[in-house]
Amino acid sequence: MHIDPLESKWIQTALGICGLFVGLILIDAFFHNIHTPSNVETIDSASLHLSEEFAEDNLGVHRDENGNIIVRMVAGRYSFFPKEISVPAETKLTFRWVSIDVLHGVHIPMTNMSTMVVPGFVAELETTFPKPGDYPVLCNEYCGLGHDHMWSKINVVERDQWHATQQPSSGAIDNE
Amino acid sequence: MNNVIERKLALSHMSVAFTAFILACFLGEYQVFERSGLIESLGSPTVYFASVSTHGVLMAYVLTTFFIMGFGYYTAATSLETPVWKPELAWTGFGLSLFGVLLAALPLLSGKASVLYTFYPPVQAHHFFYLGATLLIVGSWVWCAIMVVMFYQWKKANPEQPVPLAMFATTANALLWLWTSAGVALEAVFLLIPWSLGWTDTVDPGLARTLFAWTLHPIVYFWLIPAYTAYYVFVPKQAGSYLFSDEVARAAIIVLVVFSLPIGFHHLYMDPEQAKGWKILHGIGTFIVTLPTFVTGFTVIASLEIAGRLRGGKGMFGWIGSLPWNNTMVLAVILSLLMLIFGGFGGIVNASYAMNAMVHNTAWVPGHFHLIFAGTSVIMYFAIAYYLWPILSKKPLFSNNLALLQLWTWFIGMTILTTPWHVLGLLGQPRRISSVVYNNLLTLSWKPYELAMIAGGLIMLSSACLFVYLLYKTQFAKSEETYAAEVEYAEPLHAVKSLPEYLNDFKLWNKVIAIYMAVSFGIPILQFFFLDTFDSSAWSY
């Protein structure tokens, strides 16, 4: 068997490049805790409205007893519910997304708030929005002929301004 | 060698492939027009999503499967110098696949299967669509079986001999396809078909997505391997050179097959139904599978360098200028490698576990895969057609200059089409939307890119028409002149006298794949049977 010395050098270089990329991903995953939305939590999409967590008055932005901000959103053809929310900038947010019908995907452009919303599962992810502003919330998986019209708005406000604009009703505490 | 049957098989398969291709090109151009919102009257989500679904099915399943089968039959017969095993069986496979395509075309064209080519349940298509897609796959399995039988018959007749590289790669592809199509076949047979026929009421979207992911990425290598085969066995000869290394080529193909299989979860990075450990495992596999591409790039460029120097090229880069740029195969490989570099870069971004969140399901993704598929692979399909069509039809190519023009315009059109796509993705535009109706400032910045894409698409459409025209003129030329050339395979720089069995056979690799697949897909699939999951009922689109 013949392998040219130059070729074997190139193979080692290519291995080095792959090793570098894999290494960076693993360091981010295991030391900086940067992961994909992967909580494998099931839920019955057909009876979300009867569930405790995703009942109508539990949707939107809430603070739990530990002070964490939880955003519960429902995706259904062709909107995200609630239609408009307001969250603080530079603050850790936990999003919990569910679908009432088919497959959806949600993305807030220019941020890393992105997840698939698969019926039967709760998609959970943590993120922080660095900059205040109005952001669109877009459905990015084809979900039916009205898919283009499926979007809503999120208003990211300065961290110290946020409490002032917060609705009194959204101060409800969940028992998790 | 007379091989009338093989020539007829190859021509029939490739004719179906390229008919699908040209239809899909027209649909593609319509889609960039509709998306731009330039012509109001074109705005119809119903037509748009029927068109996207048909475009995807024709390009990804019909063009590729038929081209690969036709190319495989001819490569097997000519490289092994033996007739195709049981041609009547080959025709049965052809018939099954074609019937499947026609069956799926009925609901696709009448808008009853607008579920896109990824058909993610619980949005449900007409059952003819799922049945048709399944038959297309079953027909292709006949081809796989014939390739594997021919491979082993030849080995038995020529013990200790290295299997010709062209056949080695073709058989590798047949095995890859058998392994990977099993995922979507299981999804169709156990979930989608009974559900669309009304035998079952509900479907598990998480399980369906996991099974589809089993097929979804390796299928890309199924499309790519014929392009790589041409890189290795046709390009060096056409450039007037030798293949730099035969052994490393075989190793690259084996690594490609083994590691391409358990990586499908990188399509599920943003999905909630699989845990992060499995996603990281598949992510690492995705990086490993870039290795054979790195190696292939090196071997092909080295073979080209030898060609350039043999033709008098001097200095560090002088050899590039002295390559035969007027040879369609040589031009195609250069353009193909350029697009592979950019497409591959985008792929590494997609594969990067956390970075994926920024580009997942945005316009970036079709930008990336059009570079790899329509750029890297299809441009080699063109070159293979320009090379083989005259040999198959025994008539000279209608015009070499027009063929060169066609390859250049395809490359230029592709560059103009995919660059804006990548930018749009970074600006957050979702893929798979038919119009932009978001009442937001951000979306204003998308407009100019949409217009550039129309121009790129038009150039590509013209190029595609020219391609079909050239084949048509070649096939139906009235000239009495017979084209008598035969297929020529490249010789390796260092003759291969004997090979270790692991580089000349797949038995060991099939075992490795079986274990690897059991580990990487076993528990992720089984979890749906021990988790308390909830199925979905069917939804229309």
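Residues numbered from 1 in each chain as written. Chains lettered and ligands numbered in written order. Predicted model: local features only at pLDDT ≥ 70, side-chain atom pairs only at ≥ 80, totals over all residues. Heavy atoms only, no water.

### Topic: the overall build of chain A
Counting secondary structure elements, chain A contains 2 helices and 11 strands. Secondary structure elements of chain A, listed N to C terminal, follow the sequence α-β-β-β-β-β-β-β-β-β-β-β-α. Taking 16 Å as the expected radius of gyration for a compact globule of 176 residues, we find that chain A reaches 21 Å, considerably beyond that expectation. Principal axes of the C-alpha set define a box for chain A whose edges measure 75 × 40 × 30 Å. The burial tally for chain A puts 51% of its 176 residues in the buried class. Considering only contacts in chain A between residues 6 or more positions apart, those separated by 24 or more positions represent 64%. (Helix = DSSP H or I, 4+ residues; strand = E, 2+ residues; numbered from the N terminus. Rg over C-alpha atoms; globule rule 2.2 N^0.38 Å. Buried < 20%, exposed > 50% of the residue type's maximum accessible area, 1.4 Å probe, protein only. Contact = heavy atoms within 4.5 Å.)

### Re the pattern of salt bridges
Per the stated rule, a full pass over the model turns up 12 salt bridges over all chains. In this structure, the salt-bridge partner of B:Arg250 is B:Asp246, at a minimum N-O distance of 2.7 Å. Residue B:Arg250 and its partner B:Asp246 are both found in helix H9 (residues 246–260); the two are separated by 4 residues, about one turn of the helix. Each member of the pair, B:Arg250 together with B:Asp246, is buried. One salt-bridge network, held together by shared partners, links A:Glu41, A:Glu53, A:Arg72, A:Arg96 and A:Glu124. (Salt bridge = Lys/Arg side-chain N within 4 Å of Asp/Glu carboxyl O.)

### Topic: the confidence of the model for chain A
Parts of the prediction with low pLDDT should not have their coordinates interpreted in detail. Across chain A, pLDDT averages 90, with 93% of residues at or above 70. Here residues 166–176 of chain A is a poorly scored stretch, pLDDT under 50, and it has 17 contacts once near neighbours within four places are set aside; other chains count. (pLDDT = per-residue confidence, 0-100.)

### Some words on the confidence of the model for chain B
With 100% of its residues at a pLDDT of 70 or more, chain B shows a mean pLDDT of 95. Both confidence scores are given for the complex: pTM 0.95, ipTM 0.91.

### Considering the packing of helix H2 (residues 45–80) of chain B against helix H15 (residues 364–393) of chain B
All names here are of chain B. At their nearest, the axes of H2 and H15 sit 11 Å apart, and the two run at 40° to each other. With respect to their mutual orientation, H2 and H15 come out oblique. Considering how the two elements wind past one another, H2 and H15 form a crossing that is left-handed. Facing H2, whose interface residues are His 55, Met 59, Leu 63, Thr 64, Phe 67, Ile 68, Phe 71 and Tyr 74, H15 presents His 370, Phe 373, Val 378, Tyr 381, Ile 384, Leu 388, Ile 391 and Leu 392. Of the residues contributing to the contact of H2 with H15, the split by class is 13 nonpolar, 3 polar and no charged. (Axes fitted to C-alpha atoms, helices over the stretch in contact; angles between N-to-C directions. Parallel < 35°, antiparallel > 145°, perpendicular 65-115°, else oblique. Left-handed = near helix turned anticlockwise from the far one by under 90°. Nonpolar A, V, L, I, M, F, W, Y, C, P; charged D, E, K, R; others polar.)

### Quick word on unusual backbone geometry
The peptide bond linking A:Phe81 to A:Pro82 adopts the cis configuration, its omega dihedral lying at -5°. Along the chain, A:Pro82 turns up in the loop between strand S4 (79–81) and strand S5 (84–88). Looking along the chain, the bond that leaves B:Pro121 and enters B:Pro122 is cis, with omega of 15°. By secondary structure assignment, the location of B:Pro122 is in the loop between helix H3 (87–109) and helix H4 (127–157). Non-glycine residue A:Val40 carries a positive phi angle of around 45°. Tracing the backbone through its elements, the reader meets A:Val40 in the loop between helix H1 (5–31) and strand S1 (41–42).

### A short note on the packing of aromatic side chains
All names here are of chain B. Applying the stated rule across the entire model yields 49 aromatic pairs over all chains. Taken together, a centroid distance of 4.1 Å and an interplanar angle of 15° make the contact between Phe 67 and Tyr 381 stacked. With Phe 67 in helix H2 and Tyr 381 in helix H15, the pair connects residues that are 314 residues apart, well separated along the chain. A relative accessible area of 0% means that Phe 67 is categorised as buried. Geometrically, the ring pair formed by Phe 265 and Phe 521 is edge-to-face, given 5.2 Å between the ring centres and 80° between the ring planes. With Phe 265 in the loop between H9 and helix H10 (276–288) and Phe 521 in helix H18 (residues 507–530), the pair connects residues that are 256 residues apart, well separated along the chain. Among the residues examined, Phe 521 registers a relative accessible area of 3% and is labelled buried. (Phe/Tyr/Trp six-rings, centres within 6.5 Å; stacked < 30°, edge-to-face > 60°.)

### Brief notes about a nonpolar patch on the surface
All names here are of chain B. A cluster of nonpolar residues, Met 316, Phe 317, Ile 320, Trp 325, Trp 408, Ile 412 and Ile 416, forms a patch on the protein surface that exposes about 680 Å² of accessible area. Among the secondary structure elements, those contributing two or more residues to the nonpolar patch are helix H12 (315–321) and helix H16 (400–426). Structurally, the position occupied by Trp 325 is in the loop between H12 and helix H13 (328–351). Judged by its relative accessible area of 31%, Trp 325 falls in the partly exposed class. (Patch = residues over 30% accessible without salt bridge, like charges linked within 9 Å, V, L, I, M, F, W, Y side chains within 5 Å. Areas by Shrake-Rupley, 256 points an atom, 1.4 Å probe, with all protein chains shown as cover.)

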